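The residues making up each chain are set out below.
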Amino acid sequence: PFWSPFAERKGVLIGDFGSEAMGMRGDTDSLSRSALVLADAAQGERAQSAAEDGLLTAEEARSLDLFGTQLVVLSACDTGQGELSVGQGVYGLRRAFLVAGAETLVTSLWQVSDSATGKLMQMYYQKLLKEKKGRLDGMQEAMKEMRDKYKHPYYWAPFLVIGSDGPLRPPA
(Lines give C-alpha, C1' and ligand atoms only; values in the text may rest on other atoms or scores of the structure.)
Protein backbone atom coordinates (compact mmCIF):
# COMPACT_ATOMS: atom_id res chain seq x y z
CA PRO A 1 0.00 0.00 0.00
CA PHE A 2 1.00 3.58 -0.46
CA TRP A 3 -0.26 6.96 0.64
CA SER A 4 -1.80 9.26 -1.94
CA PRO A 5 0.34 12.35 -2.51
CA PHE A 6 -2.65 14.55 -3.34
CA ALA A 7 -3.49 17.31 -0.88
CA GLU A 8 -7.24 16.68 -1.16
CA ARG A 9 -6.72 12.97 -0.65
CA LYS A 10 -4.49 13.02 2.43
CA GLY A 11 -4.85 9.84 4.38
CA VAL A 12 -6.21 7.85 1.45
CA LEU A 13 -4.55 4.47 1.52
CA ILE A 14 -4.52 2.55 -1.74
CA GLY A 15 -3.73 -1.15 -1.71
CA ASP A 16 -4.25 -4.04 0.72
CA PHE A 17 -6.53 -3.38 3.69
CA GLY A 18 -7.86 -4.89 6.89
CA SER A 19 -11.32 -6.42 7.25
CA GLU A 20 -13.06 -3.94 9.54
CA ALA A 21 -16.86 -4.28 9.48
CA MET A 22 -18.90 -1.38 8.09
CA GLY A 23 -22.50 -0.38 7.68
CA MET A 24 -24.73 -1.48 4.81
CA ARG A 25 -23.82 1.49 2.60
CA GLY A 26 -20.09 1.26 3.32
CA ASP A 27 -18.17 3.84 5.18
CA THR A 28 -16.70 6.72 3.21
CA ASP A 29 -13.14 6.04 4.40
CA SER A 30 -13.20 2.45 3.16
CA LEU A 31 -14.63 3.50 -0.22
CA SER A 32 -11.91 6.13 -0.58
CA ARG A 33 -9.23 3.48 -0.18
CA SER A 34 -9.95 1.84 -3.53
CA ALA A 35 -9.23 3.97 -6.58
CA LEU A 36 -8.35 3.94 -10.23
CA VAL A 37 -5.35 6.07 -11.11
CA LEU A 38 -6.20 7.86 -14.36
CA ALA A 39 -4.23 9.88 -16.91
CA ASP A 40 -2.61 13.01 -15.47
CA ALA A 41 -2.90 11.69 -11.91
CA ALA A 42 0.66 12.85 -11.34
CA GLN A 43 -0.65 16.38 -11.77
CA GLY A 44 -3.31 15.79 -9.10
CA GLU A 45 -1.73 18.08 -6.53
CA ARG A 46 -2.52 21.03 -8.80
CA ALA A 47 -6.12 19.96 -9.48
CA GLN A 48 -8.89 22.47 -8.72
CA SER A 49 -10.99 19.76 -7.05
CA ALA A 50 -11.07 16.07 -6.19
CA ALA A 51 -13.12 15.53 -9.37
CA GLU A 52 -10.10 16.61 -11.43
CA ASP A 53 -7.23 14.98 -9.51
CA GLY A 54 -6.80 11.91 -11.70
CA LEU A 55 -8.14 9.48 -9.09
CA LEU A 56 -11.53 7.83 -9.33
CA THR A 57 -12.28 6.45 -5.87
CA ALA A 58 -14.90 3.81 -5.19
CA GLU A 59 -16.86 6.53 -3.36
CA GLU A 60 -16.89 8.64 -6.55
CA ALA A 61 -17.60 5.62 -8.79
CA ARG A 62 -20.67 4.59 -6.82
CA SER A 63 -22.20 8.02 -7.42
CA LEU A 64 -21.90 7.71 -11.22
CA ASP A 65 -25.05 7.07 -13.25
CA LEU A 66 -24.22 3.84 -15.07
CA PHE A 67 -27.75 2.52 -15.47
CA GLY A 68 -28.01 1.08 -18.98
CA THR A 69 -24.25 0.38 -19.07
CA GLN A 70 -23.99 -3.26 -20.07
CA LEU A 71 -20.32 -3.89 -19.32
CA VAL A 72 -17.54 -2.22 -17.33
CA VAL A 73 -14.09 -3.79 -17.63
CA LEU A 74 -11.43 -2.83 -15.09
CA SER A 75 -8.47 -4.75 -16.48
CA ALA A 76 -5.79 -3.04 -14.36
CA CYS A 77 -4.12 -4.83 -11.44
CA ASP A 78 -6.13 -5.67 -8.32
CA THR A 79 -9.35 -3.90 -9.38
CA GLY A 80 -11.45 -6.59 -7.68
CA GLN A 81 -9.82 -6.05 -4.30
CA GLY A 82 -11.46 -4.19 -1.44
CA GLU A 83 -12.40 -4.38 2.22
CA LEU A 84 -14.30 -7.38 3.49
CA SER A 85 -17.33 -6.69 5.66
CA VAL A 86 -18.76 -9.72 7.43
CA GLY A 87 -22.26 -10.36 6.12
CA GLN A 88 -21.96 -7.60 3.49
CA GLY A 89 -19.21 -8.76 1.14
CA VAL A 90 -16.36 -6.75 -0.37
CA TYR A 91 -16.45 -2.97 -0.44
CA GLY A 92 -14.32 -1.45 -3.17
CA LEU A 93 -14.38 -0.64 -6.86
CA ARG A 94 -16.34 -3.70 -7.89
CA ARG A 95 -19.24 -2.99 -5.52
CA ALA A 96 -19.14 0.72 -6.40
CA PHE A 97 -19.58 0.13 -10.14
CA LEU A 98 -22.42 -2.32 -9.57
CA VAL A 99 -24.18 0.08 -7.17
CA ALA A 100 -23.77 2.80 -9.84
CA GLY A 101 -25.79 0.65 -12.23
CA ALA A 102 -23.35 -1.38 -14.36
CA GLU A 103 -25.00 -4.64 -15.44
CA THR A 104 -21.77 -6.62 -15.64
CA LEU A 105 -18.33 -5.92 -14.24
CA VAL A 106 -14.99 -7.54 -15.05
CA THR A 107 -12.27 -7.04 -12.42
CA SER A 108 -8.88 -8.53 -11.64
CA LEU A 109 -8.06 -10.35 -8.42
CA TRP A 110 -4.27 -9.85 -8.52
CA GLN A 111 -1.41 -8.15 -10.34
CA VAL A 112 -1.74 -8.84 -14.06
CA SER A 113 0.63 -9.17 -16.99
CA ASP A 114 0.08 -6.25 -19.40
CA SER A 115 0.89 -8.36 -22.43
CA ALA A 116 -1.22 -11.39 -21.49
CA THR A 117 -4.10 -9.16 -20.33
CA GLY A 118 -4.07 -7.33 -23.66
CA LYS A 119 -4.33 -10.64 -25.52
CA LEU A 120 -7.01 -11.99 -23.19
CA MET A 121 -9.14 -8.84 -23.49
CA GLN A 122 -8.80 -8.83 -27.27
CA MET A 123 -10.09 -12.43 -27.35
CA TYR A 124 -12.86 -11.55 -24.87
CA TYR A 125 -14.10 -8.60 -26.90
CA GLN A 126 -14.03 -10.68 -30.08
CA LYS A 127 -16.16 -13.34 -28.40
CA LEU A 128 -18.60 -10.68 -27.17
CA LEU A 129 -18.86 -8.58 -30.32
CA LYS A 130 -18.23 -10.91 -33.25
CA GLU A 131 -19.29 -14.27 -31.87
CA LYS A 132 -22.16 -12.84 -29.73
CA LYS A 133 -21.18 -14.94 -26.71
CA GLY A 134 -22.53 -14.23 -23.24
CA ARG A 135 -20.41 -12.06 -20.94
CA LEU A 136 -19.35 -14.95 -18.71
CA ASP A 137 -19.13 -17.56 -21.49
CA GLY A 138 -17.00 -15.21 -23.58
CA MET A 139 -14.50 -14.77 -20.74
CA GLN A 140 -14.42 -18.49 -19.99
CA GLU A 141 -13.70 -19.29 -23.65
CA ALA A 142 -11.02 -16.60 -23.88
CA MET A 143 -9.39 -17.99 -20.73
CA LYS A 144 -9.41 -21.53 -22.17
CA GLU A 145 -7.65 -20.27 -25.30
CA MET A 146 -5.09 -18.41 -23.20
CA ARG A 147 -4.39 -21.59 -21.21
CA ASP A 148 -3.05 -23.17 -24.41
CA LYS A 149 -0.43 -20.39 -24.68
CA TYR A 150 0.23 -19.70 -21.00
CA LYS A 151 0.04 -22.67 -18.65
CA HIS A 152 0.28 -20.71 -15.39
CA PRO A 153 -3.05 -19.26 -14.11
CA TYR A 154 -1.32 -15.93 -13.38
CA TYR A 155 -1.71 -15.13 -17.10
CA TRP A 156 -5.22 -16.36 -17.85
CA ALA A 157 -7.18 -16.55 -14.58
CA PRO A 158 -7.07 -13.17 -12.79
CA PHE A 159 -10.44 -11.92 -13.98
CA LEU A 160 -13.83 -12.22 -12.31
CA VAL A 161 -17.06 -11.55 -14.24
CA ILE A 162 -19.87 -10.35 -11.96
CA GLY A 163 -23.48 -9.56 -12.87
CA SER A 164 -25.57 -10.28 -15.96
CA ASP A 165 -24.31 -13.04 -18.20
CA GLY A 166 -26.27 -12.65 -21.44
CA PRO A 167 -24.83 -11.41 -24.72
CA LEU A 168 -24.43 -7.67 -25.17
CA ARG A 169 -27.48 -5.97 -26.65
CA PRO A 170 -27.00 -3.85 -29.77
CA PRO A 171 -27.10 -0.07 -29.15
CA ALA A 172 -30.61 1.39 -29.39
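The rules we used
- Residues numbered from 1 in each chain as written.
- Predicted model: local features only at pLDDT ≥ 70, side-chain atom pairs only at ≥ 80, totals over all residues.
- Heavy atoms only, no water.
- Salt bridge = Lys/Arg side-chain N within 4 Å of Asp/Glu carboxyl O.
- Helix = DSSP H or I, 4+ residues; strand = E, 2+ residues; numbered from the N terminus.
- Buried < 20%, exposed > 50% of the residue type's maximum accessible area, 1.4 Å probe, protein only.
- Pairing = 2+ DSSP bridges.
- Axes fitted to C-alpha atoms, helices over the stretch in contact; angles between N-to-C directions.
- Core = buried A, V, L, I, M, F, W, Y, C linked by side-chain atoms within 4.5 Å.
- Contact = heavy atoms within 4.5 Å.

Draft legend 1. Spotlight on the pattern of salt bridges. Summed over all chains, the structure comprises 7 salt bridges. The partner of Arg135 in a salt bridge is Glu103, and the shortest N-O contact between them spans 3.1 Å. Placement of the pair is Arg135 in helix α5 (residues 135-149) and Glu103 in the loop between α3 (93-99) and β8 (104-108), with a sequence separation of 32 residues. Owing to a relative accessible area of 2%, Arg135 belongs among the buried residues under this scheme. Relative accessible area serves as the criterion here: at 21%, Glu103 is assigned to the partly exposed category. Close ionic contact of Glu103 with Arg169 constitutes a salt bridge, the shortest N to O distance being 2.7 Å. Of this pair, Glu103 sits in the loop between α3 and β8 while Arg169 sits in the segment after β9 (159-163), placing them 66 residues apart in sequence.

Draft legend 2. Up close: the sheet that holds β8. The sheet built from 3 strands is open, its strands ordered β5-β8-β9 with mixed pairing. Each edge of the sheet is formed by a strand with only one pairing partner; in this case those strands are β5 (72-74) and β9. The mean angle between the axes of side-by-side strands here comes to 15 degrees, regardless of whether they run parallel or antiparallel. Looking at chain direction, β5 and β8 are connected through 3 bridges and run parallel. By the bridge assignment for β8, Val73 is matched with Val106.

Draft legend 3. Spatial organisation of unusual backbone geometry. The backbone of Asp78 shows a phi angle near 60 degrees, a positive value even though the residue is not glycine. According to the relative accessible area criterion, Asp78 is partly exposed, its value standing at 27%.

Draft legend 4. Structural detail: the nonpolar core. Grouped together as the largest cluster of nonpolar side chains are 16 residues, with contacts concentrated most on Val106, Leu120, Tyr124, Met139, Met146 and Phe159. Going through the elements one at a time, α4 (114-129), α5 and β9 are the ones with two or more residues in this core. Here the element with the most residues in this core is α4; it accounts for 6 residues. If near-sequence neighbours (up to four positions away) are discounted, Phe159 is found in contact with Leu74, Ser75, Val106, Thr107, Ser108, Val112, Thr117, Leu120, Met121, Met139 and Met143. Val72, Leu74, Ala96 and Phe97 belong to the second largest nonpolar core, which has 13 residues in total.

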